[in-house]
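Structure assessment
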Amino acid sequence: MKSTSFDQAVDKIVSRNRCYDAEAYYFVRDALDFSLERLIRQEGGMGRHLKGQELLKGVVDYALKEYGPLAWTVLSSWNIKKDIDVGHVVYNLIDEEVFSKSDSDSFHDFDQSMNMKELLEAPFKPNPSSEK
């Protein structure tokens, strides 16, 4: 079920800036939840604030889990093509006070020069060494 305040925030963001599809915002929220749940499991039940790089890894992993070989196609259809695009979505949500940030967080945490296309397509490409 979608949160009404989240829905309203996304509507507001998309109405003033159509750079990213509304679904991109829902996806990033779900990827954040996925990443936090994984972190809690890894750290024995202790949650904490995610860093930008951790969220980026979670975005890739969640996209692969949810969309498999279509992950790149789906994310790029929402205009999420680079790590910095995730940063724009996150900071738009921060500006609407839906997401929070710590004093050490920076928009530049999302500028990791990740090749999203490669990361999302690589698991599905044939391995040339195994074709012998």
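Residues numbered from 1 in each chain as written. Predicted model: local features only at pLDDT ≥ 70, side-chain atom pairs only at ≥ 80, totals over all residues. Heavy atoms only, no water.

Here's the deal with the overall build of the protein chain
Within the protein chain one finds six helices and zero strands. In the protein chain, the succession of helices and strands from N to C terminus is α-α-α-α-α-α. The C-alpha atoms of the protein chain give 16 Å as radius of gyration, which agrees with the globular expectation for 132 residues (14 Å, within 12%). Across its three principal axes, the protein chain shows a C-alpha extent of roughly 55 × 40 × 30 Å. The proportion of buried residues among the 132 residues of the protein chain is 40%. When the accessible surface of the protein chain is summed, it comes to about 8000 Å², and 49% of that surface belongs to carbon and sulfur atoms. (Helix = DSSP H or I, 4+ residues; strand = E, 2+ residues; numbered from the N terminus. Rg over C-alpha atoms; globule rule 2.2 N^0.38 Å. Buried < 20%, exposed > 50% of the residue type's maximum accessible area, 1.4 Å probe, protein only. Areas by Shrake-Rupley, 256 points an atom, 1.4 Å probe, with all protein chains shown as cover.)

What to know about the pattern of salt bridges
As enumerated under the stated definition, the model contains seven salt bridges in all. Close ionic contact of Arg 38 with Asp 61 constitutes a salt bridge, the shortest N to O distance being 2.5 Å. Remark: Asp 61 occurs in helix α3 (residues 52-67) and Arg 38 occurs in helix α2 (residues 22-42); sequence separation between them is 23 residues. Of the charged contacts, one joins Lys 117 and Glu 121 as a salt bridge, the two residues approaching to 3.0 Å between their closest N and O atoms. Taken as a pair, Lys 117 and Glu 121 lie in helix α6 (residues 116-121) at a separation of four residues, close to a single helical turn. Residue classification places Lys 117 among the partly exposed residues on the basis of a relative accessible area of 38%. Here the salt bridges share partners, and the residues they tie into one network are Lys 12, Arg 16 and Glu 96. (Salt bridge = Lys/Arg side-chain N within 4 Å of Asp/Glu carboxyl O.)

Digging into the environment of Gln 53
Locating Gln 53 in the fold gives a position in helix α3. Assessed through its relative accessible area of 53%, Gln 53 is described here as exposed. Along the sequence, Gln 53 and Ser 5 sit 48 residues apart, while their C-alpha atoms lie 26 Å from each other. In this structure Gln 53 touches Asp 109 and Gln 112, once residues within four positions along its chain are discounted. (Contact = heavy atoms within 4.5 Å.)

Quick notes on the packing of aromatic side chains
Applying the stated criterion across every chain yields a total of eight aromatic pairs. Ring geometry for Phe 34 and Tyr 62: centres 5.2 Å apart, planes at 45°, overall tilted. Of this pair, Phe 34 sits in helix α2 while Tyr 62 sits in helix α3; the two residues are 28 residues apart in sequence, bridging distant segments of the chain. Each member of the pair, Phe 34 as well as Tyr 62, is classed as buried. Considering the side-chain rings of Tyr 67 and Trp 78, the 6.0 Å spacing of their centres and the 80° angle between planes classify their relative orientation as edge-to-face. In this pair, Tyr 67 sits in helix α3 while Trp 78 sits in the loop between α4 (71-77) and α5 (83-95), placing the two residues 11 residues apart along the sequence. Taken together, Phe 27, Phe 34, Tyr 62, Tyr 67 and Trp 78 form an aromatic cluster joined through their ring pairs. (Phe/Tyr/Trp six-rings, centres within 6.5 Å; stacked < 30°, edge-to-face > 60°.)

Quick look at the environment of Ser 76
Residue placement: Ser 76 occurs in helix α4. Counting along the chain gives 56 residues from Ser 76 to Tyr 20, while the straight-line C-alpha distance between them is 9.7 Å. Side-chain polar atoms of Ser 76 contact the backbone oxygen of Thr 73, separated by 3.2 Å. (Polar contact = N/O pair within 3.5 Å; in protein donor to acceptor, adjacent residues only side chain to side chain.)

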